[in-house]
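Single-letter residue listing:
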Amino acid sequence: MRKRIANVVLLIFVALLASAALAQSGGELRFCLRSEPKTLNPLLMSDDSSETIRYLTGGVLMRVNRLTQELEPELATSWKVADAGKTITFKLRDNLRFSDGTTFSADDVAYTVQQLMDPALHSPTGDAFRSGEGKVQTQLLSKNRIAITFPAPIAGLDKLFDQVAIMSAKSPQKEMAVLGPYFIAENKAGAYLILKRNSNYWKHDAAGRPLPYIDSIRLDIQQNRDIEMLRLVRGEIDFINSVDAEYFDKVMSENPFMGHDAGASLDAEFMWFNQVPGSPLPSYKKTWFTSTNFRRAISEAINREDLSRIAFRGRARPAVGPISPANKFWFNSKLQPHPFDQKSALQRLSLDGFHLQNGVLRDREAHAVEFSVITNSGNKYRERMATMIQQDLTGIGIKLNVVTLDFPSLIERMTRTFDYEACLLGLVNNELDPNSQMNVWLSSAENHQWNPSQKTPATAWEAEIDKLMRAQASTLNSAKRKEFVDKVQQIAWDQEPFIYLVNKNALSAVSPALHNAHPVVLRPQVYWNIDQLSLGAEVARNR
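About the thresholds
Residues numbered from 1 in each chain as written. Predicted model: local features only at pLDDT ≥ 70, side-chain atom pairs only at ≥ 80, totals over all residues. Heavy atoms only, no water. Helix = DSSP H or I, 4+ residues; strand = E, 2+ residues; numbered from the N terminus. Rg over C-alpha atoms; globule rule 2.2 N^0.38 Å. Buried < 20%, exposed > 50% of the residue type's maximum accessible area, 1.4 Å probe, protein only. Contact = heavy atoms within 4.5 Å. Areas by Shrake-Rupley, 256 points an atom, 1.4 Å probe, with all protein chains shown as cover. Lys, Arg positive; Asp, Glu negative; His and termini not counted. Charge placed at Lys NZ, Arg CZ, Asp CG, Glu CD. pLDDT = per-residue confidence, 0-100. Phe/Tyr/Trp six-rings, centres within 6.5 Å; stacked < 30°, edge-to-face > 60°. Lys NZ or Arg CZ within 6 Å of the ring centre and 35° of its normal. Core = buried A, V, L, I, M, F, W, Y, C linked by side-chain atoms within 4.5 Å. Pairing = 2+ DSSP bridges. Axes fitted to C-alpha atoms, helices over the stretch in contact; angles between N-to-C directions.

**Q** Break down the overall build of the protein chain for me, citing the residues and quoting the values.
**A** Along the backbone of the protein chain there are 16 helices and 22 strands. Its C-alpha atoms give the protein chain a radius of gyration of 26 Å, near enough to 24 Å, the size a compact globule of 543 residues would have. Structurally, the protein chain occupies a C-alpha span of about 90 × 65 × 45 Å along its principal axes. For the protein chain, with 543 residues in total, the buried portion stands at 53%. If you take every contact in the protein chain between residues at least 6 apart in sequence, the share linking residues at least 24 apart comes to 69%. Accessible area of the protein chain: about 24,500 Å², with a carbon and sulfur share of 51%. Measuring between centres, the 63 positive side-chain charges of the protein chain sit 4 Å from its 60 negative side-chain charges.

**Q** With reference to specific residues and values, describe the confidence of the model for the protein chain.
**A** Across the protein chain, pLDDT averages 92, with 94% of residues at or above 70. In this model, residues 539–543 is a region of pLDDT below 50 whose contacts with residues beyond four sequence positions or in other chains number 14 contacts.

**Q** Residues and numbers for the packing of aromatic side chains, please.
**A** Taken as a whole and judged by the stated rule, the model has 31 aromatic pairs. With a centroid separation of 5.9 Å and an interplanar angle of 45°, the aromatic rings of Phe270 and Trp272 are classed as tilted. Side by side, Phe270 and Trp272 carry an identical accessibility label, which is buried. Ring geometry for Phe294 against Phe371: centres 6.4 Å apart, planes inclined by 65°, an arrangement best described as edge-to-face. With Phe294 in helix α9 (residues 292–300) and Phe371 in strand β17 (residues 370–376), this pair connects stretches of sequence that are 77 residues apart. In this structure Phe294 comes out as buried when scored by relative accessible area, which is 0%. On the basis of relative accessibility, which here comes to 0%, the residue Phe371 falls in the buried class. Taken together, the aromatic side chains of Phe270, Trp272, Trp441, Trp450, Trp461, Phe498 and Tyr500 make up a single cluster linked through ring pairs. Positioned above the aromatic ring of Tyr247 is the side chain of Lys250, whose terminal nitrogen or guanidinium carbon lies 4.8 Å from the ring centre.

**Q** Tell me about the nonpolar core, and please be specific about residues and values.
**A** Core analysis: the largest hydrophobic core is formed by 48 residues, its most contacted members being Phe273, Phe294, Ile298, Phe371, Leu393 and Leu501. In terms of residue count, the dominant contributor to this core is helix α12 (residues 380–394) (six residues). With residues near it in sequence (within four places) discarded, Leu501 still touches Glu269, Phe270, Met271, Ile302, Arg304, Leu307, Arg317, Pro318, Ala319, Met385, Ile389 and Leu424. Grouped together as the second largest cluster of nonpolar side chains are 43 residues, Leu43, Ile146, Ile148 and Tyr213 included.

**Q** With reference to specific residues and values, describe the pairing of strand β7 (residues 145–149).
**A** Here five bridges tie strand β5 (residues 87–92) to β7, and the two strands are oriented antiparallel to one another. The partner of Lys91 across the bridge, within β7, is Arg145. Taken together, the five bridges between strand β6 (residues 137–142) and β7 define a ladder with antiparallel strand orientation. Paired with Ser142 across the two strands is Arg145, which belongs to β7. Linking β6 back to β7 in an antiparallel pair, the connection comprises two residues.

**Q** Tell me about the sheet that holds strand β9 (residues 192–197), residues and numbers included.
**A** Hydrogen bonding along the main chain pairs the strands of a sheet, whether they run parallel or antiparallel. Ordered in space as β1-β10-β9-β8, the four strands form an open sheet in which the pairing is mixed. A strand with exactly one partner marks an edge of an open sheet, and here the two such strands are β1 (28–33) and β8 (182–188). Across the sheet, the mean angle from the axis of one strand to that of its neighbour is 20°, orientation sign disregarded. Two strands pair when backbone bridges link them, and β9 and strand β10 (residues 216–221) are joined in this way by five bridges, in the antiparallel orientation. Across the sheet, Lys196 pairs through a bridge with Ser216, a residue of β10.

**Q** Please give an account of the environment of Leu427 that cites residues and values.
**A** Note on placement: Leu427 falls in strand β19 (residues 422–427). Residues Leu427 and Glu269, 158 residues apart in the sequence, show an inter-C-alpha distance of 6.5 Å. Residues within four places of Leu427 in sequence aside, it is in contact with Asp267, Ala268 and Phe270.

Take a look at the structure:
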């Protein structure tokens, strides 16, 4: 009897092992791209679809772990930043090969860097490395060691290599020879791409099995989000990397195990006032918009909790400032979202001579406070937010007019004519490092949206932000950089050139048949650990 029980247990154990093996190998992963990739050259990629291809196929020297937000070794086993942040030295893994069998060495890293920094190539990825005038130097120390020297220090230099896919200096396949888990096997223009498992990929799991587990990936070009959602529900695709709140609710109603809410993302929605001195606005409105008390009062009159709850169906969080709480290291945790307090707002306004008269807020010259906010038409979330802000501001006697414009017209007003009063938009953040926001916070920057391209800082606090942003960008000590960036966040919180409203949640939809998926807030949310994903029978997940 005991022997029979033992045999039954053994058979069950073997069956479980077989089931696990099936769930951990083979099959085709399917998901959609919203547009056709504009390029397959990993150094020229700037659109989302092209960057998806780069992530799935490109081998990088080190990778930011999207879950822990820590830097981890990949093609390089170690690295060292020296020479005040100008030089980085890599030690590379031995005996690696590209997907076509070509050997990998320091020569390939040198070739990639030379291509990356070639001014004639105009690499968007290379722009982050352009620290000063002069050429980037590469020094081959051995077959598997290389030193790269830039003309000026670059803060956070090592993390920038997360975006640099190493290309082969020798392969006849050029950029199609890759070091990542997959390579492009078929590309049907406008329809789909097929990626195949790279048999030369260097990683193995803890049991010694080669990665990735999944044999192939089919990427269908699909712009229609309704069709994409329908295909997910039917089981025709395995996930949607990013969905908005409305689609997320549809997913949850179809199958609650498919929806994943990773919490507040890096992305922010905010509004700002036009402070351009040469704008065609009346002088009294320019006086309003350049007043810190006025901006702070408007901020306090807006109910961010309601924006999150109603406009985004509870799938957003009140925003604090230029860095989201999702950015674990750089966020200034001492700051909190501005509270909804219309009484305090009116008190602030009174300091500048504003007063209520028969329910209408007037300035010291008796002008009724009325202004318009522009936003992009067709964005239902911003349109909802604008309507809700309109209702909130009536509580302090302000009339807000909402104007929706097509995006080209919106950009024209923001960047050329400056014929607008306030604007409601958002900012997509792909990077953790605050250097990615230099083009917003420097007063001389074109994207310094409330008053762009200043020859000299218009205010003392903008001059201070300039000083702090440049200081953090030239400092290697991460604790010191954090101190500088915390001060920038504090100034932004105090002055509110941008009135930060909400951080949208990072939402995704994943079939229960896709195993080991742990969606996160950083892009790519679902497939950041692509080489460890596997396909198998649907399983219920604890939520």
